[in-house]
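Residue strings, one per chain:
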Amino acid sequence: MIVAMEQKATEEQIDNVIEKLVDLGFNVHRTTGVVQTILAGVGTPSSFEVADFEVMSGVEKAHRISSPYKLAGRDFRPEGTVIHFANGVTIGGKEVVMMAGPCSVESREQIFKSAELVKAAGAQFLRGGAFKPRSSPYSFQGMGLEALKLLREAGDKFGLLITSEVMEISQIDVMLPYIDVFQVGARNMQNFNLLRELGQVRKPILLKRGIAATIEELLLSAEYILAGGNYEVMLCERGIRTFETYTRNTMDISAIPVVQKLSHLPMIADPSHGTGRRDKVAPMARASVAAGCDGLIIEVHPNPDKAMSDGAQSLSPEQFAKLVPELRIIATAVGRTIA
Ligand code: PEP
Ligand code: MN
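Residues numbered from 1 in each chain as written. Chains lettered and ligands numbered in written order. Predicted model: local features only at pLDDT ≥ 70, side-chain atom pairs only at ≥ 80, totals over all residues. Heavy atoms only, no water.

## Looking at the site of ligand 1
Spelled out, the test is: Whether a residue is near a molecule or strand depends on its heavy atoms: it is near if one of them lies within 4 Å of it. Identification of polar contacts relies on pairs of N or O atoms within 3.5 Å, with a donor-acceptor requirement for protein atoms, meaning one able to donate a hydrogen and the other able to accept it, and with residues adjacent in sequence counted only if both atoms are side-chain atoms. Here the accessible surface of atoms and residues is derived via Shrake-Rupley with a 1.4 Å probe, and residues count as covered only by protein chains that are part of the display. For this classification, Asp, Glu, Lys and Arg are treated as charged, while Ala, Val, Leu, Ile, Met, Phe, Trp, Tyr, Cys and Pro are nonpolar and the rest, including Gly, are polar.
Taken together, 13 residues lie near ligand 1, and Arg127, Ala186, Arg187, Lys208 and Arg238 sit nearest. In this structure, Lys208 approaches ligand 1 through a side-chain N or O atom, which is 2.8 Å from an oxygen atom. Contacts to ligand 1 include Glu299, whose side-chain N or O atom sits 3.2 Å from an oxygen atom. Notes on ligand 1: free accessible area 300 Å², of which the protein chains cover 97%. In terms of residue class, the shell around ligand 1 is built from three nonpolar, three polar and seven charged.

Here's what the structure looks like:
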């Protein structure tokens, strides 16, 4: 149930609607947009009539939510979600944000070099895995807490926000002091216990699309986080598994406009995992900006051929520095900006 309040609705009128929703057995989520307050009632209440809400004072319109994702759907925030960071960076507004850095944090020298170079090329975020989900248990599993400390230090030194992957509930508290955005990886998109717990956190989440997940499943996973009251969720297209073998995954560029129509959540594109091949990253990054993504997350390594994970899809800092100005031109053409 969505109740859109009139622009001039008073707090008392809003409270009356909330009370009625609660009495019916709904959990109420409130969002105050630029234009109006929207109340979403979710859950399985006893029967009710939409018309009973429409006649309440201060209500502009009310309707049932037909999609399975109630809070992730665009109706909850028709004007779109904009996530604000302390340093003035926003995601979901006019700006297209650049997140870049190595797949994994490997050493102090490697992450500081990465931070310096991606910052110089125009990135706002430094990425780097501390806890790595690897297909083989014998592959490098990440430097853990030590990596988080290095990320924070490098981020603070070069003025970059930090994103890193959380793989399990026990890592949330460990990570909180060091990161600005929790990344949920493709392999954990349906780790519902983790998603529920991240709903209790008050830091933004970057939720990556599962390897074989439909867009509806991605939105339902986001719903788990939103239902906990954490509305700062970004979604990420990172390629899906198809029958194609010339690329590691098939980058579904069309997911960008599809999600943006269905949902208010910002949409990030990851052309690195999306293709798995260094020479395909720039074309897919350009296509993603043209398609309207709100940000890009790109693997960049000071020495990609020596990377401990995902070297084949990592750009050199020079390649990244060449790409960003190209993206700026495309961003301008579609009414966006890249800092
Ligand atoms: C990563 O960002 O390095 C990563 C493991 O991504 P994904 O979860 O999309 O595979
Ligand atoms: Mn990677």
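## Quick notes on the nonpolar core
Rule in force here: Residues belong to one nonpolar core when they are buried, are Ala, Val, Leu, Ile, Met, Phe, Trp, Tyr or Cys, and are joined through side-chain atoms within 4.5 Å. Type-normalised accessible area, obtained with a 1.4 Å probe on protein chains alone, sets the label of each residue: buried when under 20%, exposed when over 50%, and partly exposed for intermediate values. Note that the domain bounds were set by an automatic or database domain assignment. By the convention used here, residues are in contact when the closest approach between their heavy atoms is within 4.5 Å.
Judged by nonpolar contacts, the single largest core of 77 residues is most densely connected at Leu207, Leu235 and Phe320. Both of domain 1 (2-66) and domain 2 (83-333) provide at least three residues apiece to this core. In this view, Leu207 contacts Val184, Met189, Leu195, Leu218, Ser221, Ala222, Ile225, Val233, Met234, Leu235 and Cys236; residues no more than four positions away in its chain are not counted. Val3, Ile14, Leu39 and Met56 belong to the second-largest nonpolar core, a separate cluster that totals 16 residues.

## Description of the coordination of the manganese ion (ligand 2)
Ideal values for angles at a metal depend on the geometry: 109.5 degrees with four tetrahedral donors, 90 or 180 degrees with six octahedral donors. Going by this rule: Metal-coordinating donors are taken as N, O and S atoms lying within 2.8 Å of the metal, or within 3.2 Å when the metal is Na, K or Ca; because water is left out, some sites can appear incomplete. Numbering of helices and strands runs from the N terminus; a helix is a DSSP stretch of H or I covering at least four residues, while a strand is a stretch of E covering at least two.
Summarising the metal site, the manganese ion (ligand 2) is bound by the protein donors Cys103 (SG), His273 (NE2), Glu299 (OE) and Asp310 (OD), whose distances to it range over 2.0 to 2.4 Å. When the donor residues of the manganese ion (ligand 2) are listed from N- to C-terminus, their spacing reads C-x169-H-x25-E-x10-D. Of the two residues, Cys103 sits in the loop between strand S7 (97-101) and helix H3 (108-121) while His273 sits in helix H9 (residues 271-275), which places them 170 residues apart along the sequence. The exposure class of Cys103 is buried, given its relative accessible area of 3%.

## Some details on the environment of Arg209
Mapping Arg209 onto the fold places it in the loop between strand S11 (205-208) and helix H7 (215-227). Assessed through its relative accessible area of 5%, Arg209 is described here as buried. Measuring from C-alpha to C-alpha, the distance between Arg209 and Asn249 comes to 12 Å, with 40 residues separating the pair along the chain. Of the polar contacts made by the side chain of Arg209, one reaches the backbone oxygen of Ala213; its length is 2.8 Å. Within the structure, the side chain of Arg209 is placed 2.8 Å from the side chain of Glu237, a separation counted as a polar contact.

## Brief notes about unusual backbone geometry
Phi is positive for Asp310, which is not a glycine, with a value near 55°. Position of Asp310 relative to the elements: it lies in the loop between strand S14 (295-299) and helix H11 (317-333).

## Regarding the sheet that holds strand S8 (residues 125-127)
Stated precisely, the cut-off is as follows: The criterion for strand pairing is that DSSP finds at least two bridges linking the strands in question. The axes are straight lines fitted to the C-alpha atoms, using for helices just the contacting stretch, and the angles between their N-to-C directions are given from 0 to 180°.
The eight strands lie next to each other as S7-S8-S9-S10-S11-S12-S13-S14, forming a closed barrel whose pairing is parallel. Between one strand axis and the next, the sheet turns through 25° on average, direction left out of account. Packed on one face of the sheet, helix H4 (residues 145-158) meets S8 and strand S9 (161-165) and runs near 160° to S9. Sheet strands in contact with helix H8 (residues 255-262) are strand S12 (233-237) and strand S13 (267-269), and its direction is about 170° off that of S13.

## Digging into the side chain of His301
One can find His301 in the loop between S14 and H11. Overall, His301 belongs to the buried group, its relative accessible area being 5%. There is a polar contact of 2.8 Å between the side chain of His301 and the backbone nitrogen of Asn303. When neighbours within four sequence positions are excluded, His301 is seen to be in contact with Pro102, Glu106, Gln110, Ala307, Ser314, Leu315, Ser316 and Pro317.

## Some remarks on the packing of aromatic side chains
For the record, the criterion: Only Phe, Tyr and Trp rings are paired, with Trp represented by its six-membered ring, and only when their centres lie within 6.5 Å; those with planes under 30 degrees apart are stacked, over 60 edge-to-face, the remainder tilted. Counted as over-ring charges are cases with an Arg CZ or a Lys NZ within 6 Å of the ring centre that also lie within 35 degrees of the ring normal.
The full count for this structure, using the stated rule, is five aromatic pairs. On the numbers, 5.6 Å between centres and 70° between planes, the contact of Phe76 with Tyr231 is edge-to-face. You can see Phe76 sitting in the loop between strand S4 (59-63) and strand S5 (83-84) and its partner Tyr231 sitting in the loop between H7 and S12, a full 155 residues away along the chain. Relative accessible area serves as the criterion here: at 1%, Phe76 is assigned to the buried category. For Tyr231, a relative accessible area of 17% translates into the label buried. When the ring of Phe192 is compared with that of Tyr224, the centres are 4.6 Å apart and the planes differ by 20°; the resulting orientation is stacked. Taken together, the residues Phe192 in helix H6 (residues 192-198) and Tyr224 in helix H7 connect sequence positions 32 residues apart. Taking relative accessible area as the criterion, Phe192 reaches 31% and is therefore assigned partly exposed. Lying over the aromatic face of Phe53, Lys20 brings its terminal NZ or CZ to 5.6 Å of the ring centre. Its guanidinium or amino end placed over the ring of Phe48, Arg64 lies 4.4 Å from that ring's centre, counting from NZ or CZ.

## Observations concerning the sheet that holds strand S1 (residues 2-5)
Spatially, S2-S3-S1-S4 is the arrangement adopted by the four strands of the open sheet, whose pairing is antiparallel. Bordering the open sheet on either side are strand S2 (27-32) and S4, each of which pairs with just one other strand. Averaged over all pairs of adjacent strands, the angle between strand axes in this sheet comes to 15°, irrespective of strand direction. Bridge count for S1 against S4 is four bridges, and the pairing is antiparallel. In the strand pairing of S4, Val3 is matched with Ala62. Sheet strands in contact with helix H1 (residues 11-24) are S1, S2, strand S3 (37-42) and S4, and its direction is about 10° off that of S3.

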